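Okay, here's what each chain looks like letter by letter:
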Amino acid sequence: MPHSLVEYQSENHIATITMNDPKTLNAFSTPLKNAMMEALNRADEDTEIRVIVLQGANNNFSSGGHIGEMLENGMESEALVDKLDFMLREVAEISLKLRNIHKPIIAKLEGAVAGAGMNLALTCDFRIASENAKFVQAFVNIGLIPDAGGIYLLNQLIGAAKTTELVMLGDKLKADDMARLNVVNTVVSADEIDASVQALATRLSNLPGKALASMKHMINVHAFGGLNEALDMEVEQQNMMAVTDDFKEGITAFMEKRKPVYQGK
């Protein structure tokens, strides 16, 4: 059987979607994005599915965007801008899809919850984190800005002051830090996270689905109505960042450290 970058399971009205590229800590590549969109569409269209769980394989949620793919056409400015533009629009599609599915979505957060991976988690309705989860908005370290709606979503959830701190400093934070900021709903031990996610998913699956769908729609209107505009602005700003020396120097240093991971070694 070929290796599946996204696994889909359904049981008792709950769909579990697993990002499955452990060698890159489930980095968000184009093939993974395409497989995830297919899985999300499947869960969205299946009337038997009432709740969706989004998780990553091998005890990591996601390390963010696939830097190796970003640089596959080289560092020449035009090629780099085109590739970054393409990848940003792809991850934006997933952010919008997660909000526009009118079924509750739970992010199960373990290990790496970084960059675009963290921001996709922010678009979910519930976030349950293992105490081993590490959250980081690492974009500043490579001269870019957050994608997947990161600044907009953080600002909606925790306000401008803390958003500024997280994105400008790029510090790695623990699950307990995220709980204090009300970014995650619950922090549990690694041994308890499966049971905690299952308990919440089961509880939601037994509640009136139409009422939950209406609630999510209203939350989208009142809290996330500007997401589309924010995603478009990200593409515009990132395209400008991609031609700067800060980005080229930062991404070169990053790849030197991470090259074995993206080469599958």
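Refer to the structure presented above.
Residues numbered from 1 in each chain as written. Predicted model: local features only at pLDDT ≥ 70, side-chain atom pairs only at ≥ 80, totals over all residues. Heavy atoms only, no water.

### Some details on the overall build of the chain
- The secondary structure content of the chain amounts to 11 helices and nine strands.
- Over its C-alpha trace the chain gives a radius of gyration of 18 Å, about what one expects of a compact globule, namely 18 Å for 265 residues.
- A principal-axis box enclosing the C-alpha atoms of the chain has dimensions of 55 × 45 × 35 Å.
- Counting all 265 residues of the chain, 51% fall into the buried class.
- About 12,500 Å² of surface is accessible on the chain, with carbon and sulfur atoms providing 51% of the total. (Helix = DSSP H or I, 4+ residues; strand = E, 2+ residues; numbered from the N terminus. Rg over C-alpha atoms; globule rule 2.2 N^0.38 Å. Buried < 20%, exposed > 50% of the residue type's maximum accessible area, 1.4 Å probe, protein only. Areas by Shrake-Rupley, 256 points an atom, 1.4 Å probe, with all protein chains shown as cover.)

### Examining the pattern of salt bridges
- Scanning all chains against the criterion turns up 11 salt bridges.
- Here Lys 33 and Glu 93 are joined by a salt bridge, their closest N and O atoms 2.9 Å apart. Pair noted here: Lys 33 is in helix 1 (residues 30–45) and Glu 93 is in helix 3 (residues 77–100), with a separation of 60 residues, a long-range link.
- For Lys 33, a relative accessible area of 7% translates into the label buried.
- In this structure, the salt-bridge partner of Glu 69 is Lys 83, at a minimum N-O distance of 3.3 Å. Separated by 14 residues along the polypeptide, Glu 69 in helix 2 (residues 67–70) and Lys 83 in helix 3 bring together distant segments of the chain.
- Within this structure, Arg 99, Asp 125 and Lys 216 form a network of salt bridges that share partners. (Salt bridge = Lys/Arg side-chain N within 4 Å of Asp/Glu carboxyl O.)

### Brief notes about a negative patch on the surface
- Where like charges cluster on the molecular surface, the negative patch consists of Glu 131, Asp 176, Asp 191 and Glu 192.
- Mapped onto the elements, Asp 191 comes out in the loop between strand 9 (186–188) and helix 8 (193–205).
- The class of Asp 191 is exposed, set by a relative accessible area of 76%. (Patch = residues over 30% accessible without salt bridge, like charges linked within 9 Å, V, L, I, M, F, W, Y side chains within 5 Å. Lys, Arg positive; Asp, Glu negative; His and termini not counted. Charge placed at Lys NZ, Arg CZ, Asp CG, Glu CD.)

### What to know about the sheet that holds strand 1 (residues 6–11)
- Across the sheet, which stays open at both edges, the six strands sit in the order 1-2-3-4-6-9 with mixed pairing between neighbours. Each edge of the open sheet is held by one strand with a lone partner, namely strand 1 and strand 9. Between one strand and the next, the sheet's axes are offset by a mean angle of 20°, whatever the strand orientation.
- Pairing of strand 2 (residues 14–19) with strand 3 (residues 51–56) involves six bridges; the strand directions are parallel. Residue pairing in the sheet places Ile 14 in a bridge with Val 51 of strand 3. (Pairing = 2+ DSSP bridges. Axes fitted to C-alpha atoms, helices over the stretch in contact; angles between N-to-C directions.)

### Focus on the nonpolar core
- Formed by 51 residues in total, the largest nonpolar core has its most connected members in Met 36, Leu 109, Phe 135 and Met 178.
- By residue number, the principal contributor to this core is helix 1, which donates six residues.
- Excluding residues within four positions of it along the chain, Met 36 makes contact with Val 6, Met 19, Phe 28, Leu 54 and Ile 94.
- Leu 80, Val 235, Ala 242 and Phe 247 belong to the second largest nonpolar core, which has 16 residues in total. (Core = buried A, V, L, I, M, F, W, Y, C linked by side-chain atoms within 4.5 Å. Contact = heavy atoms within 4.5 Å.)

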